Amino acid sequence: MKAGPLQLGVVPPANRAIAILDFFLRPIAIVGTLASAIAMATTNQTLPFFSQFIRFRAKFNDLPSFTFFVVASSIVSAYLILSLGFSILHIAKSNLVNSRVLLLLLDTAAMGLLMAGSAAATAIVQLAHKGNNKVNWFAICQQYNSFCKRVSGSLIGSYAGVVVLILLILLSGVALSRR
Amino acid sequence: MEGETSAVNIVETPKERKGKAPLLAAPPGGSSSSKAVPVVVKPAATKGGYRRGLAVFDVVLRIAGVATALGAAIAMGSTDQTLPFFTQFFQFKASYDDLPAFTFFLIANAITASYLVLTIPISIVCILRPNATKPRVILMFFDTVMVALTTSAAGGAASIVYLAHNGNSDANWPAICQQFNDFCQKISGAVVASFLSVVILMALVVLSAFSL
């Protein structure tokens, strides 16, 4: 145990290290959520045959869950970009309490939103891959191959964003407890 | 000079309470001026007071969360509707295990309910020791993970419930709610209860943040 003098108003060095780690984790989450939003929003596959009555084009806004996923991912990536400012503030002044609590609150809300969007999209992707013969929902992935691959891949980025957000919440909590 | 008294305020830091504080305290480095450094003194009693109140609210929220998560799991698990007619080729029975999203929903909500029950003792410890931070941080981390799990279950089931209510003409998926009315009501109620437990878990995370 370090027997140094009790210094008032001086930040424990661990808090600054936590703030720096926070600042490095946020861009990872930004990249993940932004990439998944873009990958999902640019889906557009048209099958090479057509008939008068049936549509043979698949886009993300054909399914409301995918629309919600794109919107939620975009909102969370915009929030994360804006919260980089908070991160920098915490590196400069590591003994702020109220702004850390606010950041934790907003991070929790963002994580909930992102996870809800990812879960909704995952449920539809699972249906699209496997179908469900008990409800007569057939698997559209068998025809729309490239649409399916793109949509499944975009989920990876948003789940990475969720994991990083959980780590950020934990870091904020640890920093708050050390003061 | 007789009769003059001066009161000395002694602030007990958490380190002193644990017996780990250094023996001598020096003023902040570089104080070459003889000006007295004003120190804000917060009596330790009121700090513990508001934390204790928050910890009590924490336990109350946990009990409410058990109720909602358990309610969601039971509502989903007790779905079993058979339509009163039949043919050779079509299924006229709907139950939660026909759709994997609902099975996951049931399991995840059961996990959340049992997690909340198991963390009630830790919460009670936090009431008894309002200035302890380690159990608070651990609880906050696990609460965050549970928010993620419950949100994923609720979001996935909500997406399937939406499809069941509205169908999707672009993918040729019919809306089954028009036939399976009772099944649909139960699964919709279960999703609502699960989102309520998500809100309660988020409130628990924020409470932990305030009392850290």
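Per-chain numbering applies: the sequence of each chain, read as written, is numbered from 1 onward. Each chain takes a letter, starting from A, and each ligand takes a number, starting from 1, following the order in which they are written. pLDDT decides what is reported in this predicted model: residues at 70 or higher carry local features, side-chain atom pairs at 80 or more are listed and counted, and totals for whole chains, interfaces and linings draw on all residues regardless. With hydrogens and water excluded, all non-hydrogen atoms of the structure serve as input to the side-chain values.

Going by an unreviewed UniProt entry, chain B carries the name CASP-like protein and comes from Lactuca sativa. Turning to chain B, the UniProt record has this under Subunit (unreviewed entry): "Homodimer and heterodimers." Quoted verbatim from the Sequence similarities (unreviewed entry) field of UniProt, the annotation for chain B is "Belongs to the Casparian strip membrane proteins (CASP) family." UniProt positions are given in the numbering used here, feature names are shortened, and annotations may be inferred rather than shown by experiment.

Per UniProt, chain A goes by Casparian strip membrane protein 1 and derives from Lactuca sativa. Listed in UniProt under the heading Subcellular location, the comment for chain A reads: "Cell membrane". UniProt lists a comment for chain A under the heading Sequence similarities, and it reads "Belongs to the Casparian strip membrane proteins (CASP) family."

K.L.:
Let's hear about the state of the cysteines: which residues, and what values?
P.N.:
Residue and element names in this part refer to chain B. Note on terminology: disulfide denotes any pair of cysteine sulfur atoms within 2.5 Å. This structure, assessed with the given rule, holds two disulfides over all chains. Across the disulfide from Cys177 sits Cys184; the S-S distance is 1.4 Å. The S-S bond linking Cys177 to Cys184 shows a torsion near -70°; that makes this disulfide left-handed. On the basis of relative accessibility, which here comes to 8%, the residue Cys177 falls in the buried class. The classification of residues rests on relative accessible area computed with a 1.4 Å probe and restricted to protein chains. Under 20% of the type maximum is buried, over 50% is exposed, and intermediate values are partly exposed. The class for Cys184 is buried, based on a relative accessible area of 2%.

K.L.:
Provide a residue-level description of the side chain of Ser118 of chain A, including the pertinent values.
P.N.:
Secondary structure is summarised from DSSP: a helix means a run of H or I of at least four residues, a strand means a run of E of at least two, and numbering begins at the N terminus for each. Along the chain, Ser118 of chain A turns up in helix H3 (residues 98-130). Residues are treated as being in contact if the distance between any of their heavy atoms lies within 4.5 Å. Not counting chain neighbours up to four residues away, the residues in contact with Ser118 of chain A comprise Phe69, Leu155, Ser158 and Tyr159 of chain A.

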